[in-house]
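Notes for the structure review
Read off the chains here:
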Protein chains: 2
Amino acid sequence: MSYCVGIRLKSGMVLASDTRTNAGVDHISTFKKMFTFGAEGERVIFLLTAGNLATSQAVVNRLRRELRQDDRQHLGNIPSLSEAAEMVGRYATEVAYQTKQMATMVQEGGGFGSTFLLGGQIKGHGMRLYLIYNEGNSIYATRDTPFFQIGESKYGKPILDRAINYESNLDDAVRATLVSFDSTIRSNLSVGFPIDLMVYKADSLTLPAGRRITETDPYFYSIRSQWSQGLLAILRGFDTPPPDYMG
Amino acid sequence: MSYCVGIRLKSGMVLASDTRTNAGVDHISTFKKMFTFGAEGERVIFLLTAGNLATSQAVVNRLRRELRQDDRQHLGNIPSLSEAAEMVGRYATEVAYQTKQMATMVQEGGGFGSTFLLGGQIKGHGMRLYLIYNEGNSIYATRDTPFFQIGESKYGKPILDRAINYESNLDDAVRATLVSFDSTIRSNLSVGFPIDLMVYKADSLTLPAGRRITETDPYFYSIRSQWSQGLLAILRGFDTPPPDYMG
């Protein structure tokens, strides 16, 4: 599994992914699941992926190769992020379908699908964040639904539900995202460090450098330990359960 | 979906289930998912269930009917909880298999399986807690793994991971269980109030009265709001993310 979060706020976007990928217990490796495309001052596109790594990488490679083909539409010239989301969805479905066709010649079953988060901004447009499904279709974030998760999303959802709304600032969104990853990594072995983090400021049209956060990163460590101690302190601060709860 | 938690501590057991069951959006109803069997001073058996409600209810009905049949083994006279877990697993598999056989005459597919938590104590034995799978086999809680969850388990797992160990006291286990339900109910529409709660004190061999907790229960409400405010206070208390996190 993987875990990725994308948050689109009024003030900008926060995107984060883990880097673990596994194909059985013997095959735990670290791969990048976050990719950026863009041109300073003109467009910034983030792509995050979960699911079948071979499918995801084939899609990303195709998107990158096409950047050099000026006679066709690609992420470097596509006029809108909605069309970009359609393109990624189409490629993902094609790759997964082809792989499945090949696989069924050899064996039954197989999960070849990938999901994607695609977000960013193109000059003259607002910021957009899309969740692209396995089947190639997609939905986009709204004021009411400011964040999406893909991959192993449930462990880390409660804190995002509580802490994030469209008016949240980027600092708070980063803090909540790190806590969301901490909860997920603690509860599920298939999600692991390092974490790739990108923060994009609304209308900056600048590709952020991004930050790779390792397990020993001092800021992450301080958040992790404050969170853990804080939670236990809240629990201990609760009143004793009433007698009729206890028997 | 459903959500059930069973915790076996040195000092006793905590068992809790939600009561929502749904078969499509039009069919959200409240059903009891926790059942008790036993005889004061001799045996106490708790059974919690998630999955296909028809299968779960058929299993419980069979277990109850058999209590009147003195010439055979049933939950009222079975010598150990390990044999009880095997019996429940066997019945569940039989019911699911029969239902599937019937269903395939009409249509393809269908999820007829149920999972169970079975816990309690029989005089002369220690407390036991079993997780019985869909396939009829089971595992039991140990000192290292003091709790099990069935149903919609991921949202509420991080807090149990952090707060519960074998030496925890029953009060703390109840508090963590309530927070685990709160997180799950907030994040997933298919898990809902009221919550059924049972707390069993080790070696008491007494069937607890149990407590049904509604959404407006004052103690649950106080926990819910303290938790929510406390979490946001911890988040706000974190240092500002370093500059290289933010661009």
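One can find the structure itself at the top, above this paragraph.
All figures in this text were calculated on a predicted structure; none of them were measured in a lab.

Turning our eyes to something else, we now look at the nonpolar core. Ranked by internal contacts, the top residues of the largest apolar core, which has 70 residues, are Trp227 and Tyr245 of chain A together with Trp227 and Tyr245 of chain B. In contact with Tyr245 of chain B, not counting residues within four places along its chain, are Val174, Leu178, Leu197, Val199, Arg211, Ile213, Asp217, Tyr219 and Phe220 of chain A.

A separate point is the interface of chain B and chain A. Of the residues lining the interface, 50 residues belong to chain B; the matching set on chain A comes to 51 residues. Summed over both sides, the interface between chain B and chain A buries roughly 4600 Å², with carbon and sulfur atoms accounting for 62% of that surface. Counting across the interface, chain B meets chain A through six salt bridges. Arg211 of chain A is paired through a salt bridge with Asp244 of chain B; the nearest N and O atoms lie 2.8 Å apart. The interface formed by chain B and chain A includes 24 residue pairs in polar contact (both at pLDDT 80 or more). At the level of secondary structure, the elements contributing two or more residues to the side of chain B that touches chain A comprise helix H3 (157-163), helix H4 (170-187), strand E11 (195-201), strand E12 (211-213) and helix H5 (218-237) of chain B. When residues of the side of chain B that touches chain A are assigned to their parent elements, the largest contribution, twelve residues, is made by H5 of chain B.

Moving on to the environment of Tyr91 of chain A. Residue and element names in this part refer to chain A. Within the secondary structure, Tyr91 is located in helix H2 (residues 81-106). As a C-alpha pair, Tyr91 and Leu118 span 27 residues in sequence and 14 Å in three-dimensional space. For Tyr91, the residues in contact, after removing those within four places along its chain, are Val59, Arg62, Leu63, Glu66 and Arg72. In terms of polar contacts, Tyr91 uses its side chain to reach the side chain of Glu66, at 2.6 Å.

As a further point, take helix H1 (residues 53-66) of chain A. Residue and element names in this part refer to chain A. The end-to-end C-alpha separation of H1 is 20 Å, in line with the 20 Å expected for 14 residues at 1.5 Å each. Where H1 is concerned, the buried positions are Thr55, Ser56, Val59, Val60, Leu63 and Glu66. Projected onto a plane normal to the axis of H1, the buried residues spread over an arc of 135° and lie on a single side. Of the residues that open H1, the one with a side-chain oxygen 2.9 Å from the backbone nitrogen of Ala54 is Asn52.

As a further point, take the relation of the copies chain B and chain A. When chain B is fitted to chain A, the best match, at an RMSD of 0.0 Å, comes from turning it 180° and sliding it 0.0 Å along the axis. Viewed as a symmetry operation, the transformation between the two copies matches a two-fold axis. For chain B, the smallest separation between a C-alpha atom and the rotation axis is recorded for Tyr155 of chain B, amounting to 2.3 Å.

Further remarks concern the packing of aromatic side chains. Aromatic ring pairs are defined here through the distance separating the ring centres and the angle between the ring planes. The full count for this structure, using the stated rule, is twelve aromatic pairs over all chains. The ring of Tyr91 of chain A has Arg62 of chain A sitting right over it, with the charged end atom 3.6 Å from the ring centre.

A word on the pattern of salt bridges. What the rule picks out here adds up to 33 salt bridges over all chains. The closest approach of N and O atoms between Asp196 of chain A and Lys32 of chain A, which form a salt bridge, is 4.0 Å. One end of the pair, Asp196 of chain A, is in strand E11 (residues 195-201); the other, Lys32 of chain A, is in the loop between strand E4 (28-30) and strand E5 (34-39), with 164 residues separating them in the sequence. For Arg224 of chain B, the salt bridge identified is with Glu215 of chain B, shortest N-O distance 3.7 Å. The exposure class of Glu215 of chain B is partly exposed, given its relative accessible area of 47%.

The rules behind the values
Residues numbered from 1 in each chain as written. Chains lettered and ligands numbered in written order. Predicted model: local features only at pLDDT ≥ 70, side-chain atom pairs only at ≥ 80, totals over all residues. Heavy atoms only, no water. Core = buried A, V, L, I, M, F, W, Y, C linked by side-chain atoms within 4.5 Å. Buried < 20%, exposed > 50% of the residue type's maximum accessible area, 1.4 Å probe, protein only. Contact = heavy atoms within 4.5 Å. Buried area = accessible area lost by both parts, 1.4 Å probe. Salt bridge = Lys/Arg side-chain N within 4 Å of Asp/Glu carboxyl O. Polar contact = N/O pair within 3.5 Å; in protein donor to acceptor, adjacent residues only side chain to side chain. Helix = DSSP H or I, 4+ residues; strand = E, 2+ residues; numbered from the N terminus. Expected span 1.5 Å × (residues − 1). Arc of directions from axis to C-beta. Least-squares fit on C-alpha atoms with pLDDT ≥ 70 in both. Phe/Tyr/Trp six-rings, centres within 6.5 Å; stacked < 30°, edge-to-face > 60°. Lys NZ or Arg CZ within 6 Å of the ring centre and 35° of its normal.

Fair warning: the whole summary comes from geometry, so function is off the table for now.
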